[in-house]
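Listed below are the residues making up each chain.
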Amino acid sequence: MLPHAIDEHFKLANAVTRLQQLSIECMEQTKGRVDVQQLADVQWATVDIGQFEKPKTWRMCHFDASSGSMAETQFRVQGIIGGKDLPPIAATGKLNHLKSQRRFLRQQVKLFGGQSDVFGDMVKAIEEAYVQFAGYFSDGSMEAWKQGTRGGDPVIEAGARYMTPSYISDEIAPGGIDEYVDPAGVLIKLLDDDFVHGPDNKVEYMQRYMGADGYNYRKVSPAQFKIGDIVEAVIAFVCYPTAKGPIKMTLALRALTMLDHSERDEAAILRMRSKHKSLVAAGAYTTLKRKSAYAVEDSEEANMRMARMRIEDESTEGEEEEYGFEKTTDSDVVELKREEWPGISTVGRLTSKMNEDCTITAKGNTYLTHLVINGGFEEENYVTLAGDLYKLANTNIQDFHLDLDDLLDQMQEHRVYISGSFPLSLTHPSIRPNDLDFYVNKANTEGIVEYLHTKGYGRPAELGSSKPTYREGAHTDSNGIMKVLAMEHEKGSKINVVVTEGPPIQVIPLFHSTVVMNYIAFHGMVMLYPRLTLRNKGMINCAGKLTEKVEKCIEKYRDRGFMLDRGYPSVVPKSHGCGVDRHCPQTIRHLQDKDILHIPFPPFKDESMRALRYEHDAGKCVWQLANGSFCRAPTVDNIGFSLTNTFVSLKTKARP
């Protein structure tokens, strides 16, 4: 995903209007308080100037009756982030260089407000604060105040250093750095007898949300703040003597709170949409106009081409959807209202006949099932599904203390895919995964691991590994997986980072059963065997004796309501063409065939799904299941395989 920016995709006028509304709303929260005031509505009569030692500073204060002493007055500022340099500091390995610069390392943010009247009042208040300080000191003692601008409009800049020299600080011992600020422990390594992390170095990063009793606040990672977010900064006015002599006024950052990121999100969607339209226009891919985005090709010639692994871009023009399922009648239809389908914005329809024949229940499947079984995707439904997929994913990912937009950025950057139970939680809402499985190539592992550190996950613990072997330039091993790194969040959620030798997509067709042969990419969700999975059915992908571990996996999904068998569990009681039907285990499949179900996230709903998979997931991905000998037509072939680009893995026995 392209970086967040204030550009042609960002609706600045809407953001400024929203900022004005939020600023007025926030002003009501601090009325009557003298310890924390709105910068746009300062009660100057309650503000005094006090001098402090260690470090030597002058600050705007108020008398605190509870302690009987002067205390720092803080001011709240609402604005749009136009620039930032926030934690965490990346663990680049250049520790000595950072040590030499540690006195100057800062966390800072730059806010602007466009033509907002309230923001203009805040800028005037800063000027008034300067005048107040200037009146306290002798003439000519203060360095002139320089107002920053952005495109001719004023900006407010506030910051705080990460550490203070110990000889000018009252802090006795180093430490006390929030884990959200320093998840990788970089700053801790920079602290010693010479530097401390004192009160002036601490910045709280929060998010405001609506609770049952009104607005509440929770801690978040600083990494969640992006250009274009509407935030509230808590600042203090501090003056200090410079090395050259004059006294300088600064705006010290004490806290940063997320108020609204909707305009930033919308701009990101438009930006991604624009980027991929340009890629398609510049390349060889043309978006195909069709009534159905999920069509089964019934041509015997095309099926033979697939069996011979001649993968071509087949046209679907003029084809009709034909599954061989009984059509539903009005008497079979059960209306499911919106409130019965958490996270789904569309009224879905399921048939009671399906509930009897296919064990599909309202708790088990979503509106998605109805569309696949009864007519496929029309253009209107496809748009709806894209939105529904995003809403469900955004809700479910919060169980793992992650932000979906931020995560999709990282997944695109590091080519990470989510598989396992999580994709099924989007089609089967009753499934709540105990952990999250990330699949990533060995070359990109460090990037996603470091990202998870910033989100509160601890150091990875390796669960196991396998040693690859090489033959004739192609990689072959038991399942394509090198090792699994387990990471646990401070609040208990777990993520497994599955490291692969080749492309991550390669290992998915080697999973224990077809029900888990699904993945989520940054562009959407892909299912390899949707016709079975959405009917709570699947094939066990192995030819030999099931290991104890695989048996436990199979039982887990049977307990979740899936019917699993080694043969092809036909959806209707009639025979199928072995080696021809795409859901037959003897059939050779590929990632571009027409039985792939690809539901995009909203930014990609107008793009070619095949082009997205080809460009980002795999240029060539071909596989055959290992359970072909259990199908209707006899065969001695009991070896499955997965070929992705130049990497090959064979599946000869049961593995999870």
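Owing to the predicted nature of the structure, the values given are computational and were not obtained by experimental measurement.

## Describing the overall build of the chain
Step number 1: On a plain count of helices and strands, the chain comes out with 15 helices and 32 strands.
Step number 2: Looking at the chain as a whole, 54% of its 656 residues are labelled buried.
Step number 3: Pairs at least 24 residues apart make up 71% of the contacts formed inside the chain by residues separated by at least 6 positions.
Step number 4: Roughly 29200 Å² of accessible area belongs to the chain as shown, and the carbon and sulfur atoms make up 50% of that amount.

## Notes on the nonpolar core
Step number 1: With 56 residues, the main nonpolar core has Leu39, Phe133, Phe225, Ile235, Phe237 and Met249 as its most contacted residues.
Step number 2: Residue assignment for this core shows that the elements contributing at least two residues are β3 (57-64), β5 (74-85), β6 (106-112), α3 (117-136), β8 (153-161), α4 (186-190), β13 (230-241) and β14 (247-260).
Step number 3: Among the elements that line this core, the one with the most residues is α3, at nine residues.

## Here we look at the pairing of strand β18 (residues 435-441)
Step number 1: Most of β18 sits inside the fold, with six of its seven residues counted as buried.
Step number 2: Examined bridge by bridge, β18 and strand β23 (residues 494-500) share seven bridges and lie parallel to one another. When the sheet's bridge partners are listed, leucine 436 is paired in β23 with isoleucine 495.

## Section: the pattern of salt bridges
Step number 1: Under the criterion given, the structure shown has 24 salt bridges.
Step number 2: Between aspartate 192 and arginine 102 there is a salt bridge whose closest N-O contact spans 3.0 Å. One end of the pair, aspartate 192, is in the loop between α4 and β10 (195-196); the other, arginine 102, is in the loop between α2 (95-101) and β6, with 90 residues separating them in the sequence.
Step number 3: Between arginine 254 and aspartate 200 there is a salt bridge whose closest N-O contact spans 3.2 Å. A residue pair is termed long-range when its members are at least 10 positions apart, and arginine 254 in strand β14 and aspartate 200 in the loop between β10 and β11 (204-211) qualify at 54 residues.
Step number 4: Residue arginine 254 is classed as buried on the basis of its relative accessible area, which comes to 9%.

## Looking at helix α12 (residues 445-454)
Step number 1: In terms of burial, α12 is largely enclosed, as seven of its ten residues are buried.
Step number 2: Of all the positions in α12, only Thr445, Ile448, Val449, Tyr451, Leu452, His453 and Thr454 are classed as buried.
Step number 3: Considering only its buried residues, α12 is in contact with α10 (404-414), β18, β22 (481-488) and β23.
Step number 4: With its phi angle positive at about 95°, glycine 456 sits one or two positions after the end of α12.

## Quick notes on the packing of helix α1 (residues 12-29) against α3
Step number 1: Contact pair α1 / α3: the axes reach a minimum separation of 8 Å and the direction vectors enclose 60°. It follows from the interaxial angle that α1 and α3 lie oblique. Taken together, the residues of α3 that come into contact with α1 (itself represented by Gln20, Ser23, Ile24 and Met27) are Asp117, Val118 and Met122.
Step number 2: Split by residue class, the contact of α1 with α3 holds four nonpolar, two polar and one charged.

## Remarks on the side chain of glutamate 263
Step number 1: One can find glutamate 263 in helix α5 (residues 262-282).
Step number 2: Buried and without a salt bridge, glutamate 263 has lysine 11 as its closest oppositely charged side chain, separated by 6.1 Å.
Step number 3: Beyond its immediate stretch of four places on either side in the chain, glutamate 263 contacts Phe10, Lys11, Asn14 and Ala15.

## Remarks on a positive patch on the surface
Step number 1: A grouping of Arg103, Arg106, Lys146, Arg161 and Lys248 is seen on the molecular surface, where their side chains present a positively charged patch.
Step number 2: Looking at where lysine 146 falls in the secondary structure, it is placed in the loop between α3 and β7 (149-150).
Step number 3: The class of lysine 146 is exposed, set by a relative accessible area of 69%.

## Observations concerning helix α14 (residues 548-559)
Step number 1: The end-to-end C-alpha distance of α14 is 16 Å, a good match for the 16 Å that twelve residues give at a rise of 1.5 Å each.
Step number 2: Residues of α14 that are buried make contact with α11 (422-427) and β27 (563-565).
Step number 3: Trailing α14 by a residue or two, glycine 561 shows a phi angle of about 105°, which is positive.

## Brief notes about the packing of aromatic side chains
Step number 1: Summed over all chains, the structure comprises ten aromatic pairs.
Step number 2: In this structure, arginine 59 packs its charged tip against the face of phenylalanine 52, placed 5.9 Å from the ring centre.
Step number 3: Geometry around tyrosine 529 places arginine 589 over its ring, the cationic atom sitting 4.8 Å from the centre.

## Some words on the environment of valine 118
Step number 1: Relative to the elements of secondary structure, valine 118 occurs in helix α3.
Step number 2: Taking C-alpha positions, valine 118 is 9.7 Å from glycine 79, a pair spaced 39 residues apart along the chain.
Step number 3: Discounting chain neighbours no more than four positions away, the residues touching valine 118 are Gln20, Ser23, Ile24, Met27 and Ala40.

## A short note on the packing of α10 against α12
Step number 1: At their nearest, the axes of α10 and α12 sit 9 Å apart, and the two run at 165° to each other. Overall, the two elements α10 and α12 adopt an arrangement that is roughly antiparallel. Handedness of the α10/α12 crossing: right-handed. Touching Asp406, Leu407, Gln410 and His414 of α10 are Gly447, Ile448 and Tyr451, all from α12.

## Things to note about a nonpolar patch on the surface
Step number 1: Among the surface-exposed residues, Met210, Tyr215 and Tyr217 lie close enough to one another that they form a single nonpolar patch of about 300 Å² accessible area.
Step number 2: Counting through the fold element by element, tyrosine 215 comes out in strand β12 (residues 214-219).

## Quick look at the confidence of the model for the chain
Step number 1: With 75% of its residues at a pLDDT of at least 70, the chain reaches an overall mean of 77.
Step number 2: For residues 465-477, every residue scores under 50 in pLDDT, and the model assigns this stretch 28 contacts once sequence neighbours within four places are set aside.

## As for the pairing of strand β4 (residues 69-72)
Step number 1: Pairing geometry for β3 and β4, over four bridges, is antiparallel. Bridge pairing in β4 places aspartate 64 opposite serine 69.
Step number 2: Here β3 folds back onto β4, and the loop between the two strands holds four residues, one of which, glycine 68, carries a positive phi near 70°.

Criteria and cut-off values
Residues numbered from 1 in each chain as written. Predicted model: local features only at pLDDT ≥ 70, side-chain atom pairs only at ≥ 80, totals over all residues. Heavy atoms only, no water. Helix = DSSP H or I, 4+ residues; strand = E, 2+ residues; numbered from the N terminus. Buried < 20%, exposed > 50% of the residue type's maximum accessible area, 1.4 Å probe, protein only. Contact = heavy atoms within 4.5 Å. Areas by Shrake-Rupley, 256 points an atom, 1.4 Å probe, with all protein chains shown as cover. Core = buried A, V, L, I, M, F, W, Y, C linked by side-chain atoms within 4.5 Å. Pairing = 2+ DSSP bridges. Salt bridge = Lys/Arg side-chain N within 4 Å of Asp/Glu carboxyl O. Axes fitted to C-alpha atoms, helices over the stretch in contact; angles between N-to-C directions. Parallel < 35°, antiparallel > 145°, perpendicular 65-115°, else oblique. Nonpolar A, V, L, I, M, F, W, Y, C, P; charged D, E, K, R; others polar. Lys, Arg positive; Asp, Glu negative; His and termini not counted. Patch = residues over 30% accessible without salt bridge, like charges linked within 9 Å, V, L, I, M, F, W, Y side chains within 5 Å. Charge placed at Lys NZ, Arg CZ, Asp CG, Glu CD. Expected span 1.5 Å × (residues − 1). Phe/Tyr/Trp six-rings, centres within 6.5 Å; stacked < 30°, edge-to-face > 60°. Lys NZ or Arg CZ within 6 Å of the ring centre and 35° of its normal. Left-handed = near helix turned anticlockwise from the far one by under 90°. pLDDT = per-residue confidence, 0-100.

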